Amino acid sequence: MAPHVPGRWNDVVRAAGLVADDGAVRATVFAEMSALAARTGAINLGQGFPDVDGPAHVAEAAVAAIRAGRNQYPPGPGVPALRQAVAAHQGRHYGLDVDPETEVLVTVGATEALAAAVLALAGPGDEVVTLEPYYDSYAAVVAMAGATHVTVPLVRTDGAGYRLDAAAFRAAVGPRTRVVLLNTPHNPTGAVLDPAELEVVAAAAREHDVVVITDEVYEHLTYDDARHVPLATLPGMAERTLTVSSAGKTLSFTGWKVGWVTGPAALVDAVRAVKQYLTYVGSGPFQHAVADALTDDDGRTGAWMADLVASLERRRDLLCEGLVSAGFDVVVPQGTYFVVADGRPLGFDDGAELCARLPELAGVVGVPVSAFCRAGTPAAEEFRSAVRFTFVKQEDVLVEGVRRLGGMRPR
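Residues numbered from 1 in each chain as written. Predicted model: local features only at pLDDT ≥ 70, side-chain atom pairs only at ≥ 80, totals over all residues. Heavy atoms only, no water.

For the rest of this paragraph, the subject is the packing of aromatic side chains. Scanning all chains against the criterion turns up ten aromatic pairs. When the centroid spacing of 5.1 Å and the interplanar angle of 40° are considered together, the rings of Tyr162 and Phe383 count as tilted. Taken together, the positions of Tyr162 in strand β5 (residues 161-164) and Phe383 in the loop between α14 (378-382) and β14 (386-390) put the pair 221 residues apart, joining distant regions of the chain. Across this residue pair, the class does not change: Tyr162 and Phe383 are buried. When the ring of Tyr218 is compared with that of Phe338, the centres are 6.1 Å apart and the planes differ by 80°; the resulting orientation is edge-to-face. On the criterion of sequence distance, the pair formed by Tyr218 in the loop between β7 (211-215) and β8 (241-246) and Phe338 in strand β11 (residues 338-342) is long-range, its members being 120 residues apart. A relative accessible area of 2% places Phe338 in the buried class. Of the aromatic side chains, those joined through ring pairs into one cluster are Tyr218, Tyr337 and Phe338. Here Arg388 stacks its cationic end above the ring of Phe338, 3.7 Å away from the centre of that ring. (Phe/Tyr/Trp six-rings, centres within 6.5 Å; stacked < 30°, edge-to-face > 60°. Helix = DSSP H or I, 4+ residues; strand = E, 2+ residues; numbered from the N terminus. Buried < 20%, exposed > 50% of the residue type's maximum accessible area, 1.4 Å probe, protein only. Lys NZ or Arg CZ within 6 Å of the ring centre and 35° of its normal.)

Turning to the environment of Phe328, a few remarks are in order. Assignment of secondary structure puts Phe328 in the loop between α12 (300-326) and β10 (329-331). Each C-alpha atom, one on Phe328 and one on Asp342, is 5.5 Å from the other, the two residues being 14 residues apart in sequence. Beyond its immediate sequence surroundings of up to four residues, Phe328 is in contact with Leu323, Ala341, Asp342, Gly343, Leu346, Leu354, Phe389, Leu405 and Met408. (Contact = heavy atoms within 4.5 Å.)

Judged by pairing direction, the sheet is antiparallel, and its four strands sit side by side in the order β10-β11-β14-β13 without closing on themselves. A strand with exactly one partner marks an edge of an open sheet, and here the two such strands are β10 and β13 (367-368). Examined bridge by bridge, β13 and β14 share two bridges and lie antiparallel to one another. Within β14, the position partnered with Pro368 by the bridge is Val387. In this fold α12 packs onto β10, β11 and β14, with an angle of close to 10° to the strand it touches most, β11. (Pairing = 2+ DSSP bridges. Axes fitted to C-alpha atoms, helices over the stretch in contact; angles between N-to-C directions.)

We now examine the domain arrangement of the protein chain. Taken domain by domain, the protein chain consists of domain 1 (8-53 + 302-407) and domain 2 (60-295). Each of domain 1 and domain 2 has a C-alpha centre, and the two are 23 Å apart. Each partner contributes residues to the interface: domain 1 has 40 residues there, and domain 2 has 40 residues. For the pairing of domain 1 and domain 2, the buried interface totals around 3,500 Å² over both sides, and the portion due to carbon and sulfur atoms is 60%. It is Gln334, Thr336 and Phe372 that lose the most area in domain 1 upon contact with domain 2, and together they represent 20% of the buried surface on that side. On the surface where domain 1 and domain 2 come into contact, there are two salt bridges. Put simply, domain 1 and domain 2 have 15 residue pairs in polar contact (both at pLDDT 80 or more) between them. At the level of elements, α1 (7-15), α12, β10, β11 and α14 are the ones that each hand at least two residues to the side of domain 1 that touches domain 2. For the side of domain 1 that touches domain 2, the leading source of residues is α12, giving seven residues. Residue classes in the side of domain 1 that touches domain 2 are distributed as 26 nonpolar, five polar and nine charged. (Domains from an automatic or database assignment. Buried area = accessible area lost by both parts, 1.4 Å probe. Salt bridge = Lys/Arg side-chain N within 4 Å of Asp/Glu carboxyl O. Polar contact = N/O pair within 3.5 Å; in protein donor to acceptor, adjacent residues only side chain to side chain. Nonpolar A, V, L, I, M, F, W, Y, C, P; charged D, E, K, R; others polar.)

This is the structure in structure tokens:
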């Protein structure tokens, strides 16, 4: 006889979109599409992980840390060198004054930081507001907290990509809002919120006494004239903002799972209170390597990051031009390493169906943007036919992917 599955768990997996038609719990869409790529031999342009490692000198720093015996539990808040490096990074890049002793917490990737922050700050009866589309873990952790997930759609504009719907955002934040969970640069659309849009968020947070958790993992991956501005730099926001980032995207070491959260000591303490009962600590020797990288980010690491951004911009253009040539309607992203492409011009009104067939049609795998939306919302309809592709792959892989996509024919 199958064991009884608690109802709350059912609520969480449903909120994350992980319940199949037969009621079984399925893998995330990223695992699903990666498995599809492996099974069919298709080029995986779905899951966003680099296919080359980050800077060699940072990898060597990790090796040195392992050989030096830094392999046991690190301190609960994170190794002092990394906390100091994160604080210095926030000051150097953004002018934020962060106390490494009380206002920095190292986490097992940004995902843990976001989860611990939401679980610490929101509960039954509270509302958590996010943009939509949203990274899939947001819905799951809001459900785990027992809070209500409220979404605000990003809207497509002529010539400016996807932008914040200011009126919808103001309407969404109210007396029950406890947390705004804001992602910019934004996955999956590649939008980078500008200062005017950020002020809309800040004004609503100040008016309703709301804490904002910002997911800024793509903070250094912006292109053209787009510039990332942390919400905490706006007037009155440092005292009510928890800023989350990580080494995974910036340094192309996604498997190291080194993240951090910075903000007011009282809010960071609340996150730590939850985090210590999730993983306790993690990524010991890698913390030392990331500390070295952040400390040197105006030297070897800084030069490597500048080369990475220039390379990603070229690869973005290569993929976007190839998708347009293949017949997709494409919005060129300002940040991250993802492109949203609409399959309607090719005769596909359902992005999930298109993604299921892409290995057969083109030998390529993408991710349906509907996986980042809640069924029945305006955003779900807007992005129903959209597919997310990644360009954080080697250029020859993208060239071959574009060649294959070029062989598709409209329905």
